[in-house]
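Summary of structural features
Chain by chain, the residues run as shown.
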Amino acid sequence: FGRPTCSPGPVQSTISPTLLPVLAAAALSLPRMQADAASLDPITKKLLASPGLELSPAESRACLVRCIAHGEAVASRAAGKRIVVVLGNTGAGKSAFINYLHGCKFQYEEEDKMVVRDDSELEELMRIGHTNRSETFSPQVEDATDSLGSGFAYADCPGFLDNRGFEINVANAANVRHTVCAASSAVVVVVVNYYSLRADRGKGLHDLLRILLSLFGSVEQVEAHAPSVLLAISQAPVTHPETGAAMSIERYMRTLLSPSGLDTATGEVLHALSGRVCVFHLLGRGDSSWLTRDALLERVRGLPPIGTPSSLFQSVLGSEDRERLRALIAALGKDLRECLSRCELLVRGQLGATSAAGFGEAARLAAELLELRVVEHGFVSSLVEGEVLAAARESVASQVAPVDALFLDGGLDGGDDAADGERLEEARGALRGVGELLTAFAGIDVVREPLQALVAQAEARLASAEERRAEARGRREMAAALQQTLRTVGAHALGEEYNVVREVLALPRAVAAAREGQARRQRALERAHAEQLGALGESGVAVRPREAEDRHAAERREEVLRSAAADAAWEAHIAAAADRLRRRDVDLLQREEGRAGGFWEKVGQGGQALRASAPPAFVDLSRKGLTPRDLDVVATLLRTLPPLADVRALALSGNGFADAGASALADAGAHGALAALERLFLDNVGLADGGLAELAAALAGGAMPRIHFVDLTRNGIGDGGVAALADAIRGGALPQLQTLYLYNNRVGSAGLAALVDALCASGCRLEKLYVDNNQVGEAGVAALVRAVEGGHLRSLRSLHLSGNPAPADLVQAAVQAVEGQAAGDAPRKRPAPQTRDIEAPPVD
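These remarks concern the structure in this document. (Residues numbered from 1 in each chain as written. Predicted model: local features only at pLDDT ≥ 70, side-chain atom pairs only at ≥ 80, totals over all residues. Heavy atoms only, no water.)

Our focus in this paragraph is the packing of aromatic side chains. Aromatic rings in a pair are described by how distant their centres are and how their planes are angled relative to each other. Enumeration over the complete set of coordinates arrives at twelve aromatic pairs. Look at Y100 and F280: their rings are 6.1 Å apart centre to centre, the planes differ by 20°, and that puts the pair in the stacked class. Placement of Y100 in helix 4 (residues 94-102) and of F280 in the loop between strand 8 (277-279) and helix 12 (293-302) is noted, with a sequence separation of 180 residues between them. F280 gets classed as buried once you look at its relative accessible area, which sits at 3%. Ring centres of F681 and F709 lie 5.0 Å apart, and the angle between their planes is 45°; on these two criteria the pair is classed as tilted. Linking F681 in strand 12 (residues 679-681) with F709 in strand 13 (residues 709-711), this pair joins segments that are 28 residues apart in sequence. When its relative accessible area of 3% is taken as the criterion, F681 is described as buried. An aromatic cluster is present here, built from F618, F681, F709, Y741, Y743 and Y770 joined pairwise through their rings. (Phe/Tyr/Trp six-rings, centres within 6.5 Å; stacked < 30°, edge-to-face > 60°. Helix = DSSP H or I, 4+ residues; strand = E, 2+ residues; numbered from the N terminus. Buried < 20%, exposed > 50% of the residue type's maximum accessible area, 1.4 Å probe, protein only.)

Spelled out as structure tokens, the structure:
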């Protein structure tokens, strides 16, 4: 045997895409892998003969995938066979070993090459090459029935660990596994060239270890299945080249396969194979320790088969092949990333094409990259799946960046509502683009679920941002309305701490107004959406309506969240205000306890009845010197002590608490106090128009609905205060009013006319009206006469108008008109006009 020659240098070239089909067709046209190299297509021959031939990444991938696909077809010939897998480096003599077992006769040829003799009864089963390049790119499977028996087959595997070309090497590695895994069982013969061991024992044995480890996966698996492995030394000299002494297997074991000086893994493998080594000669030479053909056949038959080889064997990849695969996958991943980057530009409208088509192209590139999993090696599968997933994830991350940006630098902080809206719409558009990517990649299992998880996270973050913005807008909306409400409440004469009393009253009205505003906004939004969809429908554009519907859904969702946030803010503020009011009331009443000159000291023993478990129906606090602050205490007691809800009459006459005190009383009524009150005495308390207006406002809100007697005599009430009272009556206040005392005030014609008009409009059944000693002129009395004569004040039975500047005859006519209405009633003594101040309350 001659020593292997050196491999030729690499040839740099480029294969055009148009030549790939030719290459595939040439490879697939070979019915048998022992076909002569001269019959191959020139491109295929060139690829096999030129290990350094450079292909583009796409060409390299296609070539690799097609060669493996061809190998899978060839591997089907091993299906169901008891296969003898013959492995070894290129030039080790694998094909010659199989031909020897087959029964071929050999002879030396020029350059010490061993060839099958021309007169051999059996032709060679496997084509023998005499270079350091394998002549095939897939295992050659041939029936071994004639030599080994029924069901056996040989698998002549391409040479390992040579440098025949990246694509062919990797395809061979995959095809070896496919062939072995197709068989029902397998045994392994590793043919090792004597000269490879002699030249560099460490390298030769390390190559042996790499072959076995790549096939079995681990030293443990090699050791476990060592009985099924035969190590055959080929091309060994029969005698020592200098001494002429016969060379035995024992001598070769000592000199070539000694574990001394080797790494642990190689030593363990050699130890496991120590009883499974043989040496042979193709001419049957050697001493008795050398195996003849018959002995080799017997030895191979006796190897225990490895069942279910598909669960054990792996594709064999050299370190250089791994690096080339890594580079190829990275290059294809770069193409995928560039395609996805173009798709992102399409989504943003920066390129004149549809993004769906772009994502379809990206999905095709991803699917083609994943086709490299046909190598069926964990290293390759991990790389391609990781590359595709990383590229897709990077694209998703890039596209959803506008979503992440919503949370940076105080995003959606409400500083610029229009800008926040634009940023949200940009984020929604980005998610629509990601949706197109998901649709295109739906059939790619590696990325589908991880991308769906990423998109779900982005959608959740967008929803969170939308919710945050909506809530911020709702809170800002509430804060603005609250400030307006508080400005309306204003400062009170009783001090800043009293404002909470008015605030608690004003808040429900503010909330009602806010909710009405929300309803108007919702209706306006729905109208705008309908108009936009209608306009888009007329345009005939199919995509825009879908995007508009998505945007409309987001806007509706935001409106709901915004309103809910505002409502929640209102509820929280109402609860807080109510709590502040409770604390304020407790503090006020506690301060009054024992205060010298305070409320309780002023009201004396009679006032203590206010705190009784059953207070009197008539509470008389007249002429106690009560100040506005004292009226605040009275109002607080009325609001907070449940027993006082049953008070029927309240007399506060002769106290100078003026408008501030009347305001506190009005607020108590607005809070629901005095609901059972029937008679209210406020004569000579310093009441002016402002105080009466506040009292009227409370009455208009439904306060003190059962009052039928009101005494407002001897105050400073003018037309403005009476007009406010008239508005309240016109709106339904004081529905049971029968007696109204207004004498000794400053009421003029305008005030009386407003009151008369309100009494007519409301249907109030007023019976007694006292307007003596005011400033009513002719116009006011005339309005009263017209109302009575027109039948609009039929319940009025008693009228007092003396002491006013109106003509006496007109006043007399008005009084007579009222008396005339009562003609059907029992005779009554006409009361004397009130022309002077009185100290005691009028009698109803």
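For the rest of this paragraph, the subject is unusual backbone geometry. Positive phi, normally seen in glycine, also occurs at R714, with a value near 50°. Looking at the element boundaries, R714 is found in the loop between strand 13 and helix 25 (719-730). Phi is positive for N744, which is not a glycine, with a value near 60°. In this fold, N744 is placed in the loop between strand 14 (739-741) and helix 26 (749-762). Residue N744 is classed as buried on the basis of its relative accessible area, which comes to 15%.

Below, the discussion takes up the side chain of E559. Among the structural elements, E559 can be located in helix 20 (residues 543-592). Excluding residues within four positions of it along the chain, E559 makes contact with Q518, R521, Q522 and L525. (Contact = heavy atoms within 4.5 Å.)

This structure, assessed with the given rule, holds 40 salt bridges. Salt-bridge contacts for E497 lead to R591; the nearest nitrogen and oxygen are separated by 3.0 Å. Taken together, the positions of E497 in the loop between helix 18 (445-489) and helix 19 (499-539) and R591 in helix 20 put the pair 94 residues apart, joining distant regions of the chain. For R591, a relative accessible area of 38% puts it in the partly exposed group. (Salt bridge = Lys/Arg side-chain N within 4 Å of Asp/Glu carboxyl O.)

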